[in-house]
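Secondary and tertiary structure notes
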Amino acid sequence: TQLLEQSPQFLSIQEGENLTVYCNSSSVFSSLQWYRQEPGEGPVLLVTVVTGGEVKKLKRLTFQFGDARKDSSLHITAAQPGDTGLYLCALRRHDYKLSFGAGTTVTVRA
Amino acid sequence: GAGVSQSPSNKVTEKGKDVELRCDPISGHTALYWYRQSLGQGLEFLIYFQGNSAPDKSGLPSDRFSAERTGGSVSTLTIQRTQQEDSAVYLCASSLLDTAEQYFGPGTRLTVT
C-alpha cells in the first residue's frame, strides 16, 4: 500500500505548455520532498516543503504544500524538453527513511 | 567532488544465481541507504547504515537479501538464489547526517532471466 498517491501516472505535453502533478496522502505528513529522476540516473532532490500552505518556487517550477499537509502539487510553467523525467514525491519517516510515491512520468515534446 | 557510484550499472543473471551489487558513497557521508525501484513503483526502502550502529534491515524483502558496509564506507548488497521478481533497479544513497539530503547513485539494473 502506497502512503503517497501520485497523479497522473503519465503526462505528455508540447514544449511551452504548463503542467501540474499531484501528490496526496490520507495521513498528515510533517514534510514532503519532490525529486526528479532522469533515465539511467538516481533521483535528485528539488525541494522540501514543511509548512502547511507553503509555496516554493524554483525557476519555472512551483511547489505547493496543502494547508492540511496531506497533499502537494508541482506546477511547471512553459515546460521545456529538459523538464522530461520521472517526478517523485517522498515523505520522511522516522527521520531517515523516505517513502516514495510511484511517480509521474513527464514527457515534454519539442 | 565525486558523487555516489554504483557497480555494475547493469547485471543480467540466471534465476537461482547469487549477485553482489556495490555502492561507493560520497566521502565523509556516514549514512548509507539501499532502495529498490521496480517498474511502475516508487522507491522501496531496503536497508540503512549509520556509522557503527546496527543497520536497520526492516525493508529487506526476504532472507535472501543481505548487505554489509565495510569500514564505514563501501557497501555491498547481496541477493542469494535470485528470483525473477528480484528484477529491478537497485539504488544506493548516502547522506552526511540522518536527516540531511540523500544523494543517490545511478543505480544497478538487475535482470533475472
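Worth saying up front: this structure is predicted, and the values here are computed from it rather than measured.

Re the interface of chain A and chain B
On the chain B side, the residues contacting the 18 residues of chain A number 20 residues. Buried area between chain A and chain B, both sides added, is near 1,500 Å², and the carbon and sulfur share of it is 54%. When the buried surface of chain A facing chain B is broken down by residue, Tyr-96, Lys-97 and Phe-100 of chain A rank first, second and third, together holding 34% of it. The interface formed by chain A and chain B contains 1 salt bridge. Here chain A is connected to chain B by 4 residue pairs in polar contact (both at pLDDT 80 or more). Put simply, the parts of the chain that give the side of chain A that touches chain B at least two residues each are strand S4 (32-37), strand S9 (85-93) and strand S10 (97-100) of chain A. Residue classes in the side of chain A that touches chain B are distributed as 9 nonpolar, 5 polar and 4 charged.

Focus: the side chain of Arg-69 of chain B
Residues and elements named next belong to chain B. By the element assignment, Arg-69 lies in strand S6 (residues 65-69). Classification of Arg-69 as buried rests on a relative accessible area of 13%. Side-chain polar atoms of Arg-69 contact the backbone oxygen of Ser-73, separated by 2.9 Å. With sequence-adjacent residues up to four places away left out, Arg-69 is seen in contact with Pro-25, His-29, Thr-30, Ala-31, Leu-32, Phe-49, Gly-51, Val-74 and Ser-75.

Some words on the packing of aromatic side chains
Evaluation of the coordinates by the stated rule reveals 8 aromatic pairs over all chains. Here the aromatic rings of Tyr-35 of chain A and Phe-100 of chain A are separated by 5.4 Å at their centres, their planes lie at 50°, and the arrangement is tilted. Taken together, the residues Tyr-35 of chain A in strand S4 and Phe-100 of chain A in strand S10 connect sequence positions 65 residues apart. A relative accessible area of 1% means that Tyr-35 of chain A is categorised as buried. Linked through ring pairs, Tyr-35 and Phe-100 of chain A together with Tyr-33, Tyr-35, Phe-45, Tyr-48 and Phe-104 of chain B together constitute an aromatic cluster.

Considering the environment of Glu-44 of chain B
Residue and element names in this part refer to chain B. Looking at the secondary structure, you find Glu-44 in strand S5 (residues 43-50). Taking the C-alpha atoms as reference points, Glu-44 and Gly-107, separated by 63 residues in sequence, lie 13 Å from one another. In this structure Glu-44 touches Trp-34, Tyr-35 and Arg-36, once residues within four positions along its chain are discounted.

Observations concerning the pairing of strand S10 (residues 108-112) of chain B
Residue and element names in this part refer to chain B. Alternating residues of S10 divide into Thr-108, Leu-110 and Val-112, all buried, and Arg-109 and Thr-111, none buried. By the bridge criterion, 4 bridges tie strand S2 (residues 10-13) to S10 in an arrangement that is parallel. Across the sheet, the residue bridging to Lys-11 is Leu-110, located in S10.

Quick notes on the sheet that holds S6 of chain B
Within a sheet, neighbouring strands are paired by backbone hydrogen bonds and run either parallel or antiparallel to one another. Residues and elements named next belong to chain B. Strand order across the open sheet formed by 4 strands is S1-S3-S7-S6, with antiparallel pairing between neighbours. Two strands close off the open sheet at either side, each with one partner strand: strand S1 (5-7) and S6. Between one strand axis and the next, the sheet turns by 15° as a mean value, whatever way the strands run. The sheet contact formed by S6 and strand S7 (residues 75-79) spans 5 bridges and is antiparallel. Paired with Phe-65 across the bridge in S7 is Ile-79.

Quick look at the sheet that holds strand S7 (residues 61-65) of chain A
All names here are of chain A. Reading across the sheet, the 5 strands line up as S1-S3-S8-S7-S6 and stay open at both edges, with antiparallel pairing between neighbours. The open sheet terminates on both sides in strands that have one partner only, identified here as strand S1 (5-7) and strand S6 (55-58). Sheet twist, expressed as the average angle between the axes of neighbouring strands with direction ignored, equals 15°. Bridging between strand S3 (residues 19-24) and strand S8 (residues 71-76) involves 6 bridges; their strand directions are antiparallel. By the bridge assignment for S8, Leu-19 is matched with Ile-76.

So, the environment of Leu-98 of chain A
Relative to the elements of secondary structure, Leu-98 of chain A occurs in strand S10. What makes Leu-98 of chain A buried here is its relative accessible area of 2%.

Cut-offs and rules
Residues numbered from 1 in each chain as written. Chains lettered and ligands numbered in written order. Predicted model: local features only at pLDDT ≥ 70, side-chain atom pairs only at ≥ 80, totals over all residues. Heavy atoms only, no water. Contact = heavy atoms within 4.5 Å. Buried area = accessible area lost by both parts, 1.4 Å probe. Salt bridge = Lys/Arg side-chain N within 4 Å of Asp/Glu carboxyl O. Polar contact = N/O pair within 3.5 Å; in protein donor to acceptor, adjacent residues only side chain to side chain. Helix = DSSP H or I, 4+ residues; strand = E, 2+ residues; numbered from the N terminus. Nonpolar A, V, L, I, M, F, W, Y, C, P; charged D, E, K, R; others polar. Buried < 20%, exposed > 50% of the residue type's maximum accessible area, 1.4 Å probe, protein only. Phe/Tyr/Trp six-rings, centres within 6.5 Å; stacked < 30°, edge-to-face > 60°. Pairing = 2+ DSSP bridges. Axes fitted to C-alpha atoms, helices over the stretch in contact; angles between N-to-C directions.

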